[in-house]
Amino acid sequence: MSEALWTGFQHQEVDADGWTTFWRLDPRGHDFGLTDWTGSPDRPGHRLWERAATPAGVRGAWRTSASSVGLEIRATHGIAKAIAPVDVLVDGELHARCAVGEGEQRLTVELPGRSVEVEIWLPQLGVIASRGLTFDGDAEPLAPTGPRWVTYGSSITQCGGAYGPSETWPALVARQHGWNCFSLGFAGECHLDPVAAHTIRDLPARLISLCLGVNIYGGETFSGRTLPGQIEAFIATVRAGHPKTPIVVITPLVAPNREGKPNAVGLTLDDVRDCVELGARRDPDIQLIDGRTVLSVDEARALYADDVHPGPDGYRLIGERLGGLLTLPA
């Protein structure tokens, strides 16, 4: 038996049966109804908080000579209607990718049986709880290392369609640079919520990136009148806790089949990009990345699974491109 040491979450909730839910936003004291979608009966409530309870980017690491590791997973599809796998890495390389189905299951992975570093990455999609982590030998939990990077965004940051949780673009960038990533990617739910701004403000960080705009376009959240001010206010809240931390704002990636089409409040994706840039530039130290430069139109057409979402190879390419653009000051 090994004491688990996990990272990438705000609050750990353990139920009466020992199942642990890792919350990336701390739910304590929050009214879930504040972020429910009202006026549309076909859309389920508590969407932000279900996303926050999905352990995207949550992982643990151990030094062990054990020959196997086991973990119980309880999973349901939830809003996403899909469940991502569990990834097990050995010395930084993918060793096993374990499919996860609905219900309770125990995953067992054979290990080399010599001294190695084992990382377990929990699923980035689905309603997930875990318990019963065991090694069949001694295992020493390893604390996270490297500078803390906090990244906030939509489904394109949560990366439900990646091959696995260790191959989301934030995971790939973090692994490339040796950073300790805290992922606040919430599929469909990147709407500048105060709870997200306050969370980022209060998290220690050496680098912060904010991928803003695509959910605002799709959800018609703000108009051209209100969006720049909302961007300014969100960044100002984050900046209050990070007066000298580099903050990078990434505008929406290209969406070839949606470009030029006004949404219900009259904004095209280019309008949203302009509004995001206008609000962000109120902070003179902001670094801006035009999302249209991350992938070309031809790459998007080849690599997207639908009008907006990259497929797994698309996430790999995004990780490669952003890995070169996101840097820490010397």
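Summary of the structure given here.

**Digging into the environment of Glu13**
- For Glu13, the location among the structural elements is in strand β2 (residues 11-14).
- Residues Glu13 and Trp23, spaced ten residues apart in sequence, show a C-alpha to C-alpha distance of 7.6 Å.
- Looking at Glu13, its side chain comes within polar contact range of the side chain of Trp23, at 2.7 Å.

**A look at unusual backbone geometry**
- Positive phi, close to 60°, is recorded for Lys81, a residue that is not glycine.
- Positionally, Lys81 belongs in the loop between β5 (68-76) and β6 (86-90).
- Under the relative-accessibility criterion, Lys81 is labelled exposed at 67%.
- A positive phi is found at Asp91, a non-glycine position, where the angle reads about 50°.
- Mapped onto the secondary structure, Asp91 falls in the loop between β6 and β7 (93-98).

**Focus on the packing of helix α3 (residues 169-177) against helix α9 (residues 312-325)**
- Packing of α3 against α9 brings their axes to within 8 Å, and their N-to-C directions diverge by 45°. Comparing their axes, α9 and α3 come out oblique. For the crossing formed where α3 meets α9, the hand is right-handed. Only Tyr315, Arg316, Ile318, Gly319, Leu322 and Gly323 of α9 make contact with α3, whose side of the interface consists of Trp169, Leu172, Val173, Gln176 and His177.
- Its residues assigned to classes, the contact of α3 with α9 shows six nonpolar, four polar and one charged.

Analysis parameters
Residues numbered from 1 in each chain as written. Predicted model: local features only at pLDDT ≥ 70, side-chain atom pairs only at ≥ 80, totals over all residues. Heavy atoms only, no water. Helix = DSSP H or I, 4+ residues; strand = E, 2+ residues; numbered from the N terminus. Polar contact = N/O pair within 3.5 Å; in protein donor to acceptor, adjacent residues only side chain to side chain. Buried < 20%, exposed > 50% of the residue type's maximum accessible area, 1.4 Å probe, protein only. Axes fitted to C-alpha atoms, helices over the stretch in contact; angles between N-to-C directions. Parallel < 35°, antiparallel > 145°, perpendicular 65-115°, else oblique. Left-handed = near helix turned anticlockwise from the far one by under 90°. Contact = heavy atoms within 4.5 Å. Nonpolar A, V, L, I, M, F, W, Y, C, P; charged D, E, K, R; others polar.

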